[in-house]
Amino acid sequence: MIYKSKFIDNLMILAIVICNLSQIPAMFGNSIIRMGYTTIWILLFGLLIVENEFKVNIRHLYIPILFDFVCLIGLAFGKNYMSSALFRPVNMSAFIMTVGILVGTFSEERTLRKISIAYTISSIIVGGVIYFTVFRGANWSGSNVYLYTSKNSAAQFLLVGMILVIILFYKNNKILSVLLIGFYVSLILMMKSRTTIVAMVVFLLYFVFFVVESKLERNIYLIIILIFVLLVIFHPDIQHFIITEIFLNNRTIDISTLSSGRDNHWRIFNQEFNNFLLLGTGGTYLESMPLAALMSYGILGGVPIVFFSMKPLIYSFKCRKDQQKNIYTILVFSISIIMLVNSLFEEQAPFGPGVKCYFLWLVFGMLIGKRESN
């Protein structure tokens, strides 16, 4: 069993590294890379199913199964749900969650640390490539266009790496961790992804108030935050850099600028949703996952998706209430927070696009498997 456990750990590490390296700009959409990590995940599932004597607890799959059933019913009403933007990401997330559940039934915390190291190292490589190919030597702060078009996916991906460093590695190596946090924050600011910046602030506040246990350490962090806020408010140069150059991307202040045009999407939902209340349109592009889900699949299909997107947050919160606070619950809760913030402004989060969100569902599955096998 030890040999099998190591083999499965190594397969997971390989799958994670390939998934993450697929975020390198030159590898976007590479069918060979996609086939590689897809094959490994399927192989992992097969090995784990055999190891578990073909037993799978589908209780946690009821919601995606309900969603798929609604999608099948919708075909009879001329709704092409199968080709809609959320159908594949939701089912892929459910699949990765199932792999995580099977892994969690026998794995230990060292497995989580191994895959987290793999994620962190590969995310640093991706971040380094993006910096040297996009931002190095460029006037990124003074530009009013986004130098990296896939900024939202990449910034969210890097933010997960930062969270892993803070939660799993900071206590053991503070100097290296601070350097890596600085690397992640710098790249996120260069990308000017407002959604990710907001999510990062929300996570840091959660971490300081609810994860840090030492009162002295918490007070030090609060003083640092207070100093930073005061500098942004009262120092003109810092205020211009953070607010005008980074957050507003050197553009005029209006609702359209702040929302990157999403105010039109909210308006469309408000005007049209009542016309497609039950079964939706069959697929409508809106830059907000809850709105896109409800508009595309109606109440019958959209509500299950929205609830499923919140399941990692709800489950990890329940674990904390049950006095089961551990590295799994903190990690799942933290990544859930940033993904749900992202989902308010992105169509596919926390399910996609691509491999952007898979780590949340993998670790969430591991939490379920570990908790329910004890």
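Everything below is about the structure printed above this text.
Cut-offs applied
- Residues numbered from 1 in each chain as written.
- Predicted model: local features only at pLDDT ≥ 70, side-chain atom pairs only at ≥ 80, totals over all residues.
- Heavy atoms only, no water.
- Core = buried A, V, L, I, M, F, W, Y, C linked by side-chain atoms within 4.5 Å.
- Buried < 20%, exposed > 50% of the residue type's maximum accessible area, 1.4 Å probe, protein only.
- Helix = DSSP H or I, 4+ residues; strand = E, 2+ residues; numbered from the N terminus.
- Contact = heavy atoms within 4.5 Å.
- Phe/Tyr/Trp six-rings, centres within 6.5 Å; stacked < 30°, edge-to-face > 60°.
- Axes fitted to C-alpha atoms, helices over the stretch in contact; angles between N-to-C directions.
- Parallel < 35°, antiparallel > 145°, perpendicular 65-115°, else oblique.
- Left-handed = near helix turned anticlockwise from the far one by under 90°.
- Nonpolar A, V, L, I, M, F, W, Y, C, P; charged D, E, K, R; others polar.

1. Side note on the nonpolar core
- Membership of the largest hydrophobic core comes to 103 residues, with the highest contact counts inside it found for Ile16, Trp41, Phe203, Ile305, Leu331 and Phe359.
- When residues in this core are grouped by element, the largest group, 14 residues, is from helix α6 (residues 151-169).
- The residues touching Trp41, leaving out its near neighbours within four places in the chain, are Ala15, Ile16, Cys19, Phe95, Ile96, Val99, Tyr358 and Leu362.
- By size, the runner-up hydrophobic cluster in this structure holds seven residues, among which are Leu286, Leu291, Ala292 and Met295.

2. A look at the packing of aromatic side chains
- Within the structure shown, the criterion is met by 22 aromatic pairs.
- Aromatic pair Tyr81 and Tyr297: ring centres 5.2 Å apart, planes at 45°, arrangement tilted. Of the two residues, Tyr81 sits in the loop between α3 (62-75) and α4 (87-104) while Tyr297 sits in helix α13 (residues 289-321), which places them 216 residues apart along the sequence. In terms of burial, Tyr81 and Tyr297 fall into one category: buried.
- Judged by centre distance (6.3 Å) and plane angle (40°), the rings of Tyr119 and Tyr358 are tilted. Of this pair, Tyr119 sits in helix α5 (residues 109-135) while Tyr358 sits in helix α15 (residues 358-373), placing them 239 residues apart in sequence. We note that Tyr119, like Tyr358, is buried.
- Taken together, the ring pairs connect Trp41, Tyr119, Phe157, Tyr358 and Phe359 into an aromatic cluster.

3. Considerations on the packing of α6 against helix α7 (residues 174-191)
- At a closest axis distance of 9 Å, the pairing of α6 and α7 adopts a crossing angle of 160°. With respect to each other, α6 and α7 are oriented roughly antiparallel. Between α6 and α7 the crossing geometry is left-handed. Residue-level contacts link Lys151, Ala154, Ala155, Leu158, Leu159, Gly161, Met162, Val165, Ile166 and Phe169 of α6 to Ser177, Leu180, Ile181, Tyr184, Val185, Leu187, Ile188 and Met191 of α7.
- A breakdown of the residues in the contact of α6 with α7 according to their chemical character gives 15 nonpolar, two polar and one charged.

4. Focus on the side chain of Ser334
- Residue position: Ser334 is located in helix α14 (residues 327-343).
- What makes Ser334 buried here is its relative accessible area of 0%.
- Residues within four places of Ser334 in sequence aside, it is in contact with Ile163, Ile167, Phe203 and Tyr206.

5. With respect to unusual backbone geometry
- Here the amide bond leading from Ala349 into Pro350 is cis, since omega sits at 5°, within 30 degrees of zero.
- By the secondary structure assignment, Pro350 is in the loop between α14 and α15.
- Each neighbour pair has its own omega, and for Gly352 with Pro353 the value is 5°, a cis peptide bond.
- Tracing the backbone shows Pro353 in the loop between α14 and α15.
- One non-glycine residue, Lys192, lies in positive phi territory at about 55°.
- Looking at where Lys192 falls in the secondary structure, it is placed in the loop between α7 and α8 (194-211).
- Of note in this structure, Asn249 is not a glycine but carries a positive phi near 55°.
- Residue position: Asn249 is located in the loop between α10 (236-247) and α11 (255-259).
- The class of Asn249 is buried, set by a relative accessible area of 0%.

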